[in-house]
Amino acid sequence: MYSLIRPLLFALDAERSHDLTLGLLRAPGTTPVLHRLYGAHVPELPVEVMGLRLPNPLGLAAGLDKDARAVGPLAAMGFGFLELGTVTPRPQPGNPRPRLFRLARRQAIINRMGFNSAGLDTFLANLARGPRPAILGINLGKNKDTPAEQAADDYLSGLRAVYAHADYVTINVSSPNTPGLRALQDEAALAALLAVLKTEQLVLAEQHGRYVPIALKIAPDLADEAIDAIARLLLSHRLDAVIATNTTISRPGLETEPLARESGGLSGAPLRARSTHVIRRLHATLDGRIPIIGAGGVFCAADAWEKLMAGAELIQIYSALIFHGPGIVRRIVAGLADKMRATGATTLAAAVSQARRSG
Ligand SMILES: Cc1cc2nc3c(=O)[nH]c(=O)nc-3n(C[C@H](O)[C@H](O)[C@H](O)COP(=O)(O)O)c2cc1C
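J.: Would you explain the overall build of the chain in this entry?
T.: Per the secondary structure count, the chain includes 13 helices and 13 strands. Compactness check: the chain gives a C-alpha radius of gyration of 19 Å against a globular reference of 21 Å for 359 residues, within 12% of the reference. Once the C-alpha set of the chain is aligned to its principal axes, its extents read approximately 50 × 50 × 45 Å. Taking all contacts inside the chain whose residues are at least 6 apart in sequence as the whole, residues at least 24 apart take part in 72%. As presented, the chain carries roughly 14,700 Å² of accessible surface, and 55% of it is formed by carbon and sulfur atoms. The averaged location of the 31 negative side-chain charges in the chain is 6 Å from the averaged location of its 39 positive side-chain charges.

If you want it as structure tokens, here you go:
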């Protein structure tokens, strides 16, 4: 099915094709068709992470549905969870176009969208309009014109606004396209941010009678010592999860690609090894005490397994969905289920820990 429309979509400018696809997804009657064609064929592979029970470990990464416009149809593709956003407190247009580039031969994307966001009010109105057919993460960012010293206020207002509507919340300090954002990963700044978020999370949990986990999403462009420092902060502030990784500002192996000169964050196949390295490095310190959600260049079950072996418990994809369409969800989840059966284990978690021990 996707192989029929892909040539049309790829003939268009990347962002027009993205807008068109979201429009098509939201057309009346699409959700049951997507479920019949795709979601219904995804095998059950339940996992429990962050206190949540997920039907399978493969999620949609943030950035595809920034404004919660297509939750029903995306859930119907069979994802175990969806991460919506990044949403900023106030609406903002993002960077001027063109800001999205496909490097099709390399199965890669460069984007410098810059948090184009309809803002929290519209995001929540969109979410309220539809059903809640999946586990939902909501990814929070800061507005471009919010000064760095007030960044925490943007995350706090986001956390308060989405708390009642999220299964987990992601704090995005790793987009390369908002000036100064990634400096929030520096040890002192991150310690201060995590402290205020943790305090607010506990207040909100009391108010709502429900504890909503918080994940931190980090960049792949961190030195090993910085990854170690982040892991220690996650432990000392008792964060609930870490997502590794966002897009990279490096251009591994892309010297001969003219489009690689475009500024922005690179995702897809060339990011895979680097993001797996970050996962492995985090895992060395976290040692299973805080779950890792792995993202970056996953295109098949073997790629997902590589990240599970490095220490991830859940996987997210974005670029693979663009290049291969919704059938990729079944292929990856079914491949992981096969790997689980091959080990003789009855849960994915048991298969992974068995394979990690013997690997
Ligand atoms: C066009 C595009 C937009 C993205 N927007 C966001 C975003 O708003 N927030 C975020 O946390 N990550 C964003 N990402 C990063 C993805 O969530 C993911 O971390 C990254 O693409 C690596 O996964 P992949 O190689 O499977 O694409 C975006 C990625 C792409 C390609």
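J.: Can you help me understand the sheet that holds strand E13 (residues 314-317) in this one?
T.: By definition, the strands of a sheet pair up through backbone hydrogen bonds, in either a parallel or an antiparallel sense. Taken together, eight strands build a closed barrel; the order of strands is E3-E4-E7-E8-E9-E10-E12-E13 and the barrel is parallel. Each neighbouring strand pair of the sheet contributes to a mean axis angle of 25°, computed without reference to strand direction. Looking at chain direction, strand E12 (residues 292-295) and E13 are connected through three bridges and run parallel. When the sheet's bridge partners are listed, Gly294 is paired in E13 with Ile315. Contacting strand E4 (81-87) and strand E7 (135-140), helix H5 (residues 119-129) runs over the sheet at an angle of about 150° to E4.

J.: How do you make sense of the sheet that holds strand E6 (residues 108-111) when you look at a structure like this?
T.: Reading across from one edge, E5-E6-E11 is the order of the three strands in this open sheet, with antiparallel pairing throughout. Every interior strand has two partners, whereas the edge strands, strand E5 (100-103) and strand E11 (265-268), have only one. Strand-to-strand, the axes of this sheet are offset by a mean angle of 20°, without reference to chain direction. Where E6 and E11 come together, four bridges link them in antiparallel fashion. Looking at E11, one finds that Ile109 is bridged to Ser267.

About the criteria used
Residues numbered from 1 in each chain as written. Predicted model: local features only at pLDDT ≥ 70, side-chain atom pairs only at ≥ 80, totals over all residues. Heavy atoms only, no water. Helix = DSSP H or I, 4+ residues; strand = E, 2+ residues; numbered from the N terminus. Rg over C-alpha atoms; globule rule 2.2 N^0.38 Å. Contact = heavy atoms within 4.5 Å. Areas by Shrake-Rupley, 256 points an atom, 1.4 Å probe, with all protein chains shown as cover. Lys, Arg positive; Asp, Glu negative; His and termini not counted. Charge placed at Lys NZ, Arg CZ, Asp CG, Glu CD. Pairing = 2+ DSSP bridges. Axes fitted to C-alpha atoms, helices over the stretch in contact; angles between N-to-C directions.

All quantities given are derived from atomic positions and should not be read as evidence of function.
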